[in-house]
Amino acid sequence: MKIHEYQAKELLAKYGAPVPRGTLAHTPDEAAAAAAIYPAAVLKAQVHSGGRGKAGGVKLVHGQAEARETAAGMFGMRLITKQSGPAGKIVRKLLVTEAIDYSDEYYLAVTGDNENACLAIIVSAEGGTEIEVTAKISPEKITRIGLSPIEGLNSDQAAFAADTLELSGGLKDELASLLQSLVRLYLEKDCTLVEINPLVLTKEHHLLCLDAKINFDDNALFRHPELAELRDIDEEDPKEYLASGYGLSYIRLDGDIGCLVNGAGLAMATMDIIKSCGGEPANFLDVGGGATKEKVKAAFEILLSDENVRAIFVNIFGGIMKCDVIADGVVSAVREMGISIPLIVRLEGTNSAEGKKILSGSGLSIIAAENMADGARKAVAAAKGGAHI
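Source: prediction; values computed, not measured.

The rules we used
- Residues numbered from 1 in each chain as written.
- Predicted model: local features only at pLDDT ≥ 70, side-chain atom pairs only at ≥ 80, totals over all residues.
- Heavy atoms only, no water.
- Helix = DSSP H or I, 4+ residues; strand = E, 2+ residues; numbered from the N terminus.
- Buried < 20%, exposed > 50% of the residue type's maximum accessible area, 1.4 Å probe, protein only.
- Contact = heavy atoms within 4.5 Å.
- Areas by Shrake-Rupley, 256 points an atom, 1.4 Å probe, with all protein chains shown as cover.
- Lys, Arg positive; Asp, Glu negative; His and termini not counted.
- Charge placed at Lys NZ, Arg CZ, Asp CG, Glu CD.
- Expected span 1.5 Å × (residues − 1).
- Axes fitted to C-alpha atoms, helices over the stretch in contact; angles between N-to-C directions.
- Parallel < 35°, antiparallel > 145°, perpendicular 65-115°, else oblique.
- Left-handed = near helix turned anticlockwise from the far one by under 90°.
- Nonpolar A, V, L, I, M, F, W, Y, C, P; charged D, E, K, R; others polar.
- Core = buried A, V, L, I, M, F, W, Y, C linked by side-chain atoms within 4.5 Å.
- pLDDT = per-residue confidence, 0-100.
- Pairing = 2+ DSSP bridges.

(A) Inspection of the overall build of the protein at higher detail. Scanning the protein for helices and strands turns up 13 helices and 18 strands. Projected onto its principal axes, the C-alpha positions of the protein cover 75 × 50 × 40 Å. Considering the protein as a whole, with its 389 residues, one finds that 49% of them fall into the buried category. Sequence separation of 24 or more characterises 68% of the internal contacts of the protein that already satisfy a separation of 6 or more. As presented, the protein carries roughly 18100 Å² of accessible surface, and 51% of it is formed by carbon and sulfur atoms. Side chains of the protein carry 39 positive and 53 negative charges; the gap between the two charge centres is 6 Å.

(B) Highlighting helix H10 (residues 293-304). When the terminal C-alpha atoms of H10 are compared, their 17 Å separation across 12 residues agrees well with the 16 Å that a helix rising 1.5 Å per residue should span. Listed in full, the buried residues belonging to H10 are Val-296, Ala-298, Ala-299, Phe-300, Ile-302 and Leu-303.

(C) Spatial organisation of the packing of H10 against helix H11 (residues 323-337). H11 packs onto H10 with a crossing angle of 50° between their chain directions and a minimal axis gap of 8 Å. Overall, the two elements H10 and H11 adopt an arrangement that is oblique. H11 is crossed by H10, and the crossing has right-handed handedness. In this structure, H10 uses Lys-293, Val-296, Lys-297, Phe-300, Glu-301 and Leu-304 to contact H11, whose residues at the interface are Val-325, Ile-326, Asp-328, Gly-329, Val-330, Ser-332, Ala-333, Glu-336 and Met-337. Class assignment for the residues of the contact of H10 with H11 results in eight nonpolar, two polar and five charged.

(D) Geometry of the environment of Leu-185. Inspection of the secondary structure assignment puts Leu-185 in helix H6 (residues 170-188). A relative accessible area of 0% places Leu-185 in the buried class. Expressed as a C-alpha distance, the spacing of Leu-185 and Lys-14, which sit 171 residues apart in the sequence, is 9.3 Å. In contact with Leu-185, not counting residues within four places along its chain, are Leu-11, Leu-12, Tyr-15, Cys-191, Val-194 and Ile-214.

(E) Examining the nonpolar core more closely. Residues Leu-12, Leu-108, Ile-121, Leu-175, Leu-199, Ile-214 and Phe-216 are the most contacted members of the largest nonpolar core, which totals 41 residues. Contacts of Ile-214, omitting those with residues within four sequence positions, involve Met-1, Lys-2, Ile-3, Ala-8, Leu-11, Leu-12, Leu-185, Cys-191, Leu-193 and Val-194. By size, the runner-up hydrophobic cluster in this structure holds 32 residues, among which are Ala-243, Leu-248, Phe-300 and Ile-326.

(F) Representation of the confidence of the model for the protein in the model. For the protein, the average pLDDT comes to 91, and 98% of its residues sit at 70 or higher. Least confident of the elements in the protein is helix H8 (residues 238-245), whose mean pLDDT is 80; most confident is strand E11 (residues 207-209), at 98.

(G) Fine view of the sheet that holds strand E3 (residues 58-61). Taken together, four strands build an open sheet; the order of strands is E1-E6-E2-E3 and the sheet is antiparallel. Whereas interior strands pair on both sides, the edge strands pair on one side only; in this sheet they are strand E1 (22-25) and E3. Strand after strand, the sheet turns through a mean of 25° between neighbouring axes, direction not considered. Strand direction decides the pairing type here: strand E2 (residues 41-45) and E3, joined by four bridges, are antiparallel. Bridging across to E3, Val-42 finds its partner in Leu-60. Running over the sheet, helix H1 (residues 5-14) touches E1, E2 and strand E6 (94-98) and is turned about 50° from E6. Helix-sheet contacts for helix H2 (residues 28-35) involve E1, E2 and E6, and the interaxial angle to E1 is about 170°.

(H) Quick look at the side chain of Thr-97. Relative to the assigned elements, Thr-97 resides in strand E6. Aside from chain neighbours lying at most four places away, what touches Thr-97 is Pro-20, Arg-21, Gly-22, Tyr-38, Ala-41, Val-42 and Lys-44.

(I) Here's a closer look at the environment of Ser-340. Tracing the sequence through the fold places Ser-340 in the loop between H11 and strand E17 (343-349). Residue Ser-340 is classed as partly exposed on the basis of its relative accessible area of 41%. Spatially, the C-alpha atom of Ser-340 lies 9.7 Å from that of Leu-304, the residues being 36 residues apart in sequence.

(J) Quick look at the pairing of E2. The buried fraction of E2 amounts to five of the five residues, a majority that puts the element mostly inside the structure. Residues Ala-41, Leu-43 and Ala-45 point to one face of E2 and Val-42 and Lys-44 to the other, with burial holding for every one of them. Pairing between E2 and E6: five bridges, direction antiparallel. Directly across from Lys-44, in E6, lies its bridge partner Leu-95.

Here you go:
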């Protein structure tokens, strides 16, 4: 789960991290009132996307009149960045923050290191730019420091991070304190990323978190109801939000073959085999091991709401999931929703014979697949041919 910058800074402040003053604004008048207390202010579009500055989502203003006029032009704008996709993000909120005079920019983050089963602190003197760009152009300027989630940060690791950024004196202590705050926040709130970019050195010679990004592990939100309240539905794909309400794992892609699969591994393999057959999957959709007829119907609703989908491939390997339950759900969905695009179904595993009888006896034009490869080939051919059932 992602949250906005203003929410991330509020969390950071609670953990003792230094952040600039700021006020959330929902109207031009609110933005003007907030900007009035600063000699200069920065209006920052609050959307779940990086690269806002290059897209016109960050503006420097002086005084109430300029703040009101600039904010009026920002509210409602469609901000298109490298991360937002062509649809962009609608600006509904602005963070009005004091303009900070600083001399240096750094990058600082805490994230997981799955390969080494630990946490990783990532530091770079190339702050203010996307870390992906730095990694591509100057990977030697990025330093990763592994640390144990049980033992936490030690003084040697903090000192090494400071040396990497060429910080000395009191700044080394400030960085150590900041790192302790970030690691504690990461662990206590079940984060997947705590990123400060840029971390700046002010003219007063102090470190300040000028921008922040925090992501959380969705699977741990049941432990943090206070974090679930920070979720902004307007920033999410409507289909992905609908899927989450039914306990479905769904991610929209750019292809034209809808996939309905049980199990994340099988879902990945299904997308791979579709591509190997010359097609493009329209989504990742895992109905899970305990899907009901209602879940299957909801999955079809989500797939059919994507206007790019020209064929649907149902690929089920029954283990905990019983194939006859899926078959009942498929037949019910087709009858109730009047699906008019090709539907290819492969059933294998628990109660597969019963499931196949349900499909064949339904009287519906469902295309049976002998195996996964056969189903993928038929789905690709159907999507390219545009055949209807």
